[in-house]
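Breakdown of the fold
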Amino acid sequence: MRSAKDFFTPLAVGAPAPLREIPARPSRAIHFFDPSNAKMAAKIPGMVGTVDVLLGNLEDAVKAENKEKARLGLVEIAGGTDFGPTQLWTRLNALDSPWFLDDVTTLVTEIGDKLDVVMIPKVQGAEDIHYVDRILAQLEAKAGLQRPILVHAILETARGMANVEEIAGASPRMQGISLGPADLAADRRMKTTRVGGGHPGYLVRADAAKTDDGYDIHGETTPRAIFQQDLWHYTIARMVDACAMHGIFAYYGPYGDITDVVGCEDQFRNAFLLGCVGTWTLHPKQIEIARRVFSPDPAEVEHAYEVVTAMGDGTGAVMVDGKMEDDASCKQCQVVVDLAEALSEIDPELGAKYAEAKKAGVAKVEGK
């Protein structure tokens, strides 16, 4: 048994103290790039400031013969780039792969001062996080790092899904969890070959027209409306609850159909409304979608400021635009206000829109 007092004690002598609260840094789009691809790598310095997170991918999509090239390429990119407000993450190879130890040893000791988060694939349970936690502490001590590198788990297996709550609370390093729909679908034996998104076969159908003899279920003459359902609703909702309980952040993962920008936006928005703070982007065209979807609409921000201002100390109830608002709705609005203020610090254009929204929302209350 481990004492609760030890939870925030460094796991290695000389390692930085674990964080007691994970910073809520905006991460609407986690943009993946292959460090072994010279053409792609050359674009990275120019993308700084245009995306919240740049992630050097070492795992899936990198061929076995390119693993070392990708690792060394990420070291070179990190060493020669000033990332400014943009976070640098990496997705390491899986814990059961022959590349993981070299990945973590090289990156922490050579670019650990620039690395914000390491993403761990196919996390099965808390024991995987404990393993990574200890190794990171030892390497941080060796490298003389002053801040801990955070850990992000990918939910890609049925076992990981069953253990998602204990994964979320396994270490003070836990920054968040992403949905990995393709691997999870395969592990669950789901019958979809799509990477994220819905499926036209997963649907509900409106009732058949009713006749004097009952429902016309055989010789239908009236078309019945069909509503496609979300394959990932339960998984995302449970992941969000686990993350919220432990003060970390939930993310949607990849949307594989790059050409379907409408479906991509819909899926991102569903995840945003359910509580995710960001998503992965696999192509530059998805970055703009993610930035827009995971940023609250200025009209919503205006309303949120109006409610928060009208509520004052957050107790009681008020009428705003004909609707009753109380402490619960004030807390909902505070979530939107906090996100708007955080985004304003890194996105001047959006910040100007939110400043106008705040001004208008507060004026509505003060003008009454």
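First things first, this report covers the structure right here in the doc. (Residues numbered from 1 in each chain as written. Predicted model: local features only at pLDDT ≥ 70, side-chain atom pairs only at ≥ 80, totals over all residues. Heavy atoms only, no water.)

1. Concerning unusual backbone geometry
Although it is not a glycine, Lys122 adopts a positive phi angle of roughly 50 degrees. Tracing the backbone shows Lys122 in the loop between β4 (117-120) and α4 (126-143). (Helix = DSSP H or I, 4+ residues; strand = E, 2+ residues; numbered from the N terminus.)

2. Focus: empty space enclosed by the protein
Inspection of every chain in the model, using the stated rule, returns 1 cavity of 30 Å³ or more. If you add up the space inside the largest cavity, you get close to 100 Å³. Taken together, 14 residues form the lining of the largest cavity, with Thr9, Leu11, Pro18, Asp133 and Arg173 sitting closest to its centre. (1 Å grid on protein atoms, 1.4 Å probe; cavity = no way out; pocket = protein on both sides within 12 Å on 5 of 7 lines; lining within 4 Å. Points joined across faces, edges and corners; volume = space filled by probe spheres on them.)

3. Quick look at the layout of surface pockets
Here the largest pocket is characterised by a volume of approximately 1,100 Å³. Together, 34 residues line the largest pocket, and Phe272, Ser295, Pro296, Asp297 and Leu339 are the ones closest to its centre. Listed by contribution, the elements that provide at least two residues to the lining of the largest pocket are α9 (261-274), α10 (284-293), α11 (298-311), α12 (327-346) and α13 (348-366). For the lining of the largest pocket, the element with the most residues is α12, which contributes 8 residues. Looking at the lining of the largest pocket, its residues break down into 16 nonpolar, 5 polar and 13 charged. As a volume, the second largest pocket reaches approximately 380 Å³. (Nonpolar A, V, L, I, M, F, W, Y, C, P; charged D, E, K, R; others polar.)

4. Looking at the environment of Val320
Of note, Val320 is situated in strand β13 (residues 317-320). The class of Val320 is buried, set by a relative accessible area of 1%. It is 29 Å that separates the C-alpha atoms of Val320 and Arg291, two residues lying 29 residues apart in sequence. The contact partners of Val320, leaving out residues within four places of it in the chain, are His303, Glu306, Val307, Ala310 and Glu325. (Buried < 20%, exposed > 50% of the residue type's maximum accessible area, 1.4 Å probe, protein only. Contact = heavy atoms within 4.5 Å.)

5. Remarks on the packing of α11 against α12
Interaxial distance between α11 and α12 falls to 8 Å at its minimum, and their mutual angle equals 125 degrees. Here α11 lies oblique to α12, going by the angle between them. As for how α11 packs across α12, the hand of that crossing is left-handed. Judged by residue contacts, Glu300, Val301, His303, Ala304, Tyr305, Val307, Val308 and Met311 of α11 engage Asp327, Cys330, Cys333, Gln334, Val336, Val337, Ala340 and Glu341 from α12. Residue composition of the contact of α11 with α12, grouped by class: 11 nonpolar, 2 polar and 3 charged. (Axes fitted to C-alpha atoms, helices over the stretch in contact; angles between N-to-C directions. Parallel < 35°, antiparallel > 145°, perpendicular 65-115°, else oblique. Left-handed = near helix turned anticlockwise from the far one by under 90°.)

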